Amino acid sequence: MSAAIASMRTLIENDRIRLALLALSLVLVALGPFYLSAYWERVLIFVFFNIALASSWNVIGGIAGYPSFGHGVFFGMGAYTCAILIVRGGVPFPLAILGGGAVAGAFALLFIPLFRQRGFYFALSTLAAQFAIETVVRTWSFTRGLQSFDQGWNLPDLGSLDFFYWLTLGLLVACIGSIILMLRTRVGLALRAIHKDEVVAASVGIPCTRYKAIAFVFSAVWPGVMGAAYAPFLVFISSDNVFNISITLNMILIAIFGGIGTIIGPIIGGLLLSIIDRLSWAYLLQYHTLIYGLMIIAVISFRPAGIASWFKK
Amino acid sequence: MSEIIEIIIFGTLRGAIFALAAFGFSLVLGVLGIVNFAHGVFVVLGALITWSLTAQIGINIVVASLIAAGSMGVLGVFIQKVFIDRVFKLHPLMILVQTFGVAVVATQLAELAWGGGERSLKVEFPGPALLTIGDIYIPTWDIVIFVISLIAAGVLVMIMQMTPLGRAVRACRDNIDSASLVGVDVGRVFLITMGICGIWSGLAGALVITLKPTGPYMHFFWTLDAFLVVVIGGMGSISGALIGGFLYGIINFAAYYYLPNQAPAIIFATLIALLMIRPQGLFGLGTTVRK
C-alpha cells in the first residue's frame, strides 16, 4: 500500500516537473522572435503548422482509430475560404480564420456516410474523396482553376513574420489545449472505447456514429483554421500547394512517427521530422525523400508506437 | 452510336491491363486482408526493368518480361518477409503507412537508377499495325496485349484451382483459422501470395511500358487503379478482377473521353459510391475484408 502511494507521489512530482518544463519551454518558444533569425523563425512557423495538423488528425486517426487519408482537404478548404473571403469580400483576417474553420467543419459533415466503413476501406474512401475534391477545386472557375493565367490566389500582406509566428503559436496552443479538454469529456472516453472495440462500445449504448462525427468535425475544424492562417502567410496559394496529397500524408506520418493516439506524439514527431527534413534538405538534397521514407519504415517496423514510447518505461 | 462502341472496345482492351495489374492486389486483399500501398511499385519497376533489359542490354522482350516479372515476385516475397510480417497484427493503418514508406523508398531508388522521367518501349511486331472492324481501327498490338493478359489470367486461375499450392491459398482466403487448423502453413501461404502478386503485377508492367510511357512516380496511380478494379469486381476472385478490369477500363476511357478535366473526380466519386453501396464488390465472394 505504502509502495503504491509512494509511486503515486513520484508520479505527481513527475507531473509537476513536466508541467514546469512545459511552461518553461513554452515561454522560451514564445520569446522566439527576439533571438531567432528570420530563417529559423520561418522553420518554426512550419513546425507549428505541422504539429497542429498532425494533432488534429490524431483525434480521428489515432484516438478514434479511423485513419482518414483525406484530411488535407480541410486544410486546403480553410486556405481557399480565407483567400476567397479576403480577396473577393474584403473580410477582416480574424473573421476569415473563423470562416475557414467553419467551412471545413461544415464540409466534414458530408463525410459522415463514409463512417460505415472501417480500416482500409475507410482510408481508401477518404483518399478517393481527397482526389475527387482536389480535381473539382483545380477545374472550377469559382475557385480559379482551369485557366492558367488566373490559377490560384494572391493575398495582401497582412502582417510581419513575427505576427505570423505568434499567431500560429497561439493557434497551436489553442488547438492542443482544446484536444486535451475534449479528451477529458465523455467524447474522449467514447472515442477510446470505439477504438478498442466498436461492437462492444455500441452494445453498451454508446452512440458510435454521433461520437465519430463529433471527432471528425473537430479534427476537420482545426486544419481549416490552420489553413486559413496559412494562406496569407504563404501570400500565394493554389491547389498545388494547399490541396496536395503530401499535406495529408505529412499529418499521418508525423502523428505515427511521434506516437499515434497520444498528445505528446504529434509534438515530438512534428519537431523531429521537421528538423530532420530541414537538415536533409540542406545537406543531402538528392537523398532527402529517400531518408524520409526509410525513417518511416524503420519507426513502424521496429517502434510502431512511435518515438514517444521511448520516453515511457 | 459508333462512338459508344469504340469506347467499349478500347475500354475493354485497356481494361485487360488494369485487370492484370489488379490480380495480385485482389489476392493479397483476399488472403492477407491488407491493402498494399506499394502495389504500384511492382507494375512500375516491372516496366522499367523490362525497358532496361530490352533497350539497354538487348535481351529479347519476351525473356526480359519474364525476368522482370520474376524479380518482382522476389521483391514481393521480400516485402512480405521483411516488412509486412512485422506489423501484420497491428492496426491496418500501420500497414498502409509502412507499405507507403516502402513505396516511397522504392520509387526514390528507382529514380536514382532510371531518373525521374518516363520511358517507353516500341515493339517491332510482324504483321499489320492496324486491324479494321467495320469502320473502327484497332492497333494490333493492343489486341496482342489483351490476349496475353487473358492467358496470364487463365494461368493464374489454373494455378489456383488445380495445384495443391492454389488450394492452400484458396483455403486461407476462405477462412484463415480453419486453414491453419487443418495444417496449412499460413505464413508460407502469405509469402507465396505476395510472390504471385509481384509476378503478375510485374508482367502487367512489362506490357504497360510497350503501350505508354512509364516513370517511377506513377506507382501510386497503379495502386489506386488496382484498388478501383477490385472494388468494382470484388476481392479475392480472379474472374471478379477480370470483369472489374474491363468495367473499369470502360469507365476510365469514357470519363477521359467525355470530360477529360473532370475525369479523376468522376472516377473517384464512382469509387466512393461503390464502396458505400457494395464494399464486397459487384461480383465479390460475399466476404468483406477482415481489418
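Look up: the structure comes first, before these words.
Note that the coordinates shown come from a computational prediction; the quantities given were computed from them, not determined experimentally.

Participant: How do you make sense of the overall build of chain B when you look at a structure like this?
Facilitator: Within chain B, the regular secondary structure consists of 11 helices and two strands. Taken from N to C terminus, the helices and strands of chain B fall in the order α-α-α-α-β-β-α-α-α-α-α-α-α. The C-alpha atoms of chain B give 19 Å as radius of gyration, which agrees with the globular expectation for 291 residues (19 Å, within 12%). With the C-alpha coordinates aligned to their principal axes, the bounding extent of chain B is approximately 60 × 45 × 40 Å.

Participant: What is the right way to look at the overall build of chain A in this model?
Facilitator: Along chain A, the regular secondary structure elements total 14 helices and two strands. Here chain A has a C-alpha radius of gyration of 20 Å; the compact-globule value for 313 residues is 20 Å, and the two agree. The 313 residues of chain A split such that 53% are buried. Restricting to contacts in chain A with at least 6 residues of sequence separation, those with at least 24 account for 77%. Carbon and sulfur atoms make up 70% of the accessible area of chain A, which amounts to about 14300 Å² in all. Of the charged side chains in chain A, 19 are positive and 11 negative, and the gap between their average positions amounts to 12 Å.

Participant: Just checking my understanding: could you explain the environment of Val91(A) for this structure?
Facilitator: Residues and elements named next belong to chain A. Here Val 91 lies in the loop between α4 (72–89) and α5 (93–108). For the pair Val 91 and Ala 30, spaced 61 residues apart in sequence, the C-alpha separation works out to 28 Å. Sequence-distant contacts of Val 91, that is, excluding residues within four places in its chain, are made with Leu 85, Ile 86 and Ala 96.

Participant: How should I be thinking about the environment of Gln56(B) in this particular structure?
Facilitator: All names here are of chain B. Among the structural elements, Gln 56 can be located in helix α2 (residues 39–57). Considered as a pair, Gln 56 and Lys 122 are 66 residues apart in the sequence and their alpha carbons are 13 Å apart. In terms of polar contacts, Gln 56 uses its side chain to reach the side chain of Ser 52, at 2.9 Å.

Participant: Whenever I open this one, unusual backbone geometry confuses me. Can you help?
Facilitator: Residue and element names in this part refer to chain A. Located in the positive-phi region is Val 235, a residue other than glycine, with phi close to 70°. For Val 235, the position within the fold is in the loop between α10 (208–234) and β2 (236–237). What makes Val 235 partly exposed here is its relative accessible area of 33%.

Participant: Even after reading the chapter, I still don't get the interface of chain B and chain A, so can you show me in this structure?
Facilitator: How large an interface is tends to be reported as the accessible area lost when its parts come together. Listed by partner, the interface residues are 41 residues for chain B and 42 residues for chain A. Where chain B abuts chain A, roughly 3600 Å² becomes buried across the two surfaces, and 82% of that area is made up of carbon and sulfur atoms. Three residues stand out in chain B for area buried against chain A, namely Leu93(B), Met94(B) and Met276(B), and they jointly supply 15% of the buried area on that side. Scanning the region where chain B abuts chain A turns up one residue pair in polar contact (both at pLDDT 80 or more). Sorting the residues of the side of chain B that touches chain A by element identifies α3 (61–87), α4 (92–114), α9 (219–233) and α11 (263–277) of chain B as the ones contributing at least two each. With 15 residues, α4(B) is the single largest residue contributor to the side of chain B that touches chain A. Taken together, the residues that form the side of chain B that touches chain A break down as 32 nonpolar, seven polar and two charged.

Participant: When you look at the side chain of His71(A) in this model, what are you seeing that I'm missing?
Facilitator: Residues and elements named next belong to chain A. Its place among the elements puts His 71 in the loop between α3 (38–63) and α4. A relative accessible area of 0% means that His 71 is categorised as buried. There is a polar contact of 2.9 Å between the side chain of His 71 and the side chain of Ser 68. Discounting residues that sit within four places of it in the chain, His 71 has contacts with Trp 57, Ile 60, Gln 130, Phe 216, Ser 219, Ala 220, Pro 223, Thr 248 and Met 251.

Participant: What am I meant to see in the pattern of salt bridges here?
Facilitator: If the charged atoms of two oppositely charged side chains come close together, the side chains can form a pair. Residue and element names in this part refer to chain B. Applying the stated criterion across every chain, the model contains three salt bridges over all chains. The salt bridge partner of Asp 174 is Arg 173, with a shortest N-O separation of 3.4 Å. For Asp 174, a relative accessible area of 53% gives the class exposed. Residue class for Arg 173 comes out buried when judged on its relative accessible area of 18%.

Participant: Sorry if this is basic, but what is going on with the nonpolar core here?
Facilitator: Within soluble globular proteins, side chains that are nonpolar tend to cluster in buried spots. If you look at the biggest cluster of nonpolar residues, it comprises 210 residues, and the most contacted ones within it are Phe69(A) and Phe23(B). When residues no more than four places from it in sequence are discounted, the contact partners of Phe23(B) are Ala153(B), Leu156(B), Trp200(B), Ile238(B), Ala241(B) and Leu242(B).

Participant: Can you walk me through a nonpolar patch on the surface in this structure?
Facilitator: All names here are of chain A. Side chains of Ile 17, Leu 21, Leu 24, Val 27, Leu 28, Leu 31, Phe 34, Tyr 35 and Trp 166 sit close together on the surface and give an oily, nonpolar patch of about 950 Å² of accessible area. For the nonpolar patch, the secondary-structure elements that each account for two or more residues are α1 (2–30) and α2 (32–35). The element that contributes the greatest number of residues to the nonpolar patch is α1, accounting for five residues. Looking at the secondary structure, you find Ile 17 in helix α1.

Participant: Would you mind going over the packing of aromatic side chains with me for this structure?
Facilitator: By convention here, two paired aromatic rings are described through the distance between centres and the angle between planes. With the rule as written, the count across this model stands at 35 aromatic pairs over all chains. An angle of 25° between the planes, with centres 5.1 Å apart, marks the rings of Phe131(A) and Phe268(B) as stacked. In this pair, Phe131(A) sits in helix α6 (residues 119–139) while Phe268(B) sits in helix α11, so the two residues belong to two different chains. With relative accessibility at 12%, the residue Phe131(A) sits in the buried group. An angle of 85° between the planes, with centres 5.2 Å apart, marks the rings of Tyr257(B) and Tyr258(B) as edge-to-face.

Participant: Is there a simple way to explain the pairing of strand β2 (residues 136–139) of chain B in this structure?
Facilitator: Taken residue by residue, a regular strand's side chains alternate between the two faces of the sheet. All names here are of chain B. Along β2, the buried face is formed by Ile 136 and Ile 138; none of Tyr 137 and Pro 139, which line the opposite face, is buried. Sheet topology note: the strand β1 (residues 130–133)/β2 ladder contains four bridges and is antiparallel. Across the sheet, Thr 132 pairs through a bridge with Tyr 137, a residue of β2. Where β1 folds back onto β2 in an antiparallel hairpin, the turn is made up of two residues, including Gly 134, whose phi is positive at roughly 65°.

Participant: What exactly am I supposed to notice about the packing of α2(B) against α9(B) here?
Facilitator: A packed helix pair is summarised by two numbers, namely the angle formed by the two axes and the spacing between the axes. Residues and elements named next belong to chain B. The N-to-C vectors of α2 and α9 enclose an angle of 120°; their axes lie 7 Å apart at closest approach. As far as their axial angle goes, α9 and α2 are oblique. Note on packing geometry: the crossing formed by α2 with α9 is right-handed. Judged by residue contacts, His 39, Gly 40, Val 41, Val 43 and Val 44 of α2 engage His 219, Trp 222, Thr 223 and Ala 226 from α9.

Participant: Explanation requested: the environment of Leu171(A) in the structure shown.
Facilitator: Within the secondary structure layout, Leu171(A) lies in helix α7 (residues 161–184). For Leu171(A), a relative accessible area of 14% translates into the label buried.

Participant: Just to check I follow, could you spell out α3(A) for this structure?
Facilitator: Residues spaced three or four apart along an α-helix face the same direction, because each turn holds 3.6 residues. All names here are of chain A. Here α3 is 26 residues long and its end C-alpha atoms lie 36 Å apart, about the 38 Å a rise of 1.5 Å per residue gives. Largest kink in α3: about 40°, centred on Trp 57. Of all 26 residues making up α3, 20 are buried, and the element is well covered by its neighbours. Once α3 ends, the next one or two residues include Gly 65, with phi positive near 80°.

What counts, and at which threshold
Residues numbered from 1 in each chain as written. Chains lettered and ligands numbered in written order. Predicted model: local features only at pLDDT ≥ 70, side-chain atom pairs only at ≥ 80, totals over all residues. Heavy atoms only, no water. Helix = DSSP H or I, 4+ residues; strand = E, 2+ residues; numbered from the N terminus. Rg over C-alpha atoms; globule rule 2.2 N^0.38 Å. Buried < 20%, exposed > 50% of the residue type's maximum accessible area, 1.4 Å probe, protein only. Contact = heavy atoms within 4.5 Å. Areas by Shrake-Rupley, 256 points an atom, 1.4 Å probe, with all protein chains shown as cover. Lys, Arg positive; Asp, Glu negative; His and termini not counted. Charge placed at Lys NZ, Arg CZ, Asp CG, Glu CD. Polar contact = N/O pair within 3.5 Å; in protein donor to acceptor, adjacent residues only side chain to side chain. Buried area = accessible area lost by both parts, 1.4 Å probe. Nonpolar A, V, L, I, M, F, W, Y, C, P; charged D, E, K, R; others polar. Salt bridge = Lys/Arg side-chain N within 4 Å of Asp/Glu carboxyl O. Core = buried A, V, L, I, M, F, W, Y, C linked by side-chain atoms within 4.5 Å. Patch = residues over 30% accessible without salt bridge, like charges linked within 9 Å, V, L, I, M, F, W, Y side chains within 5 Å. Phe/Tyr/Trp six-rings, centres within 6.5 Å; stacked < 30°, edge-to-face > 60°. Pairing = 2+ DSSP bridges. Axes fitted to C-alpha atoms, helices over the stretch in contact; angles between N-to-C directions. Parallel < 35°, antiparallel > 145°, perpendicular 65-115°, else oblique. Left-handed = near helix turned anticlockwise from the far one by under 90°. Expected span 1.5 Å × (residues − 1). Bend = angle between axes of the 7 residues up to and from the residue.

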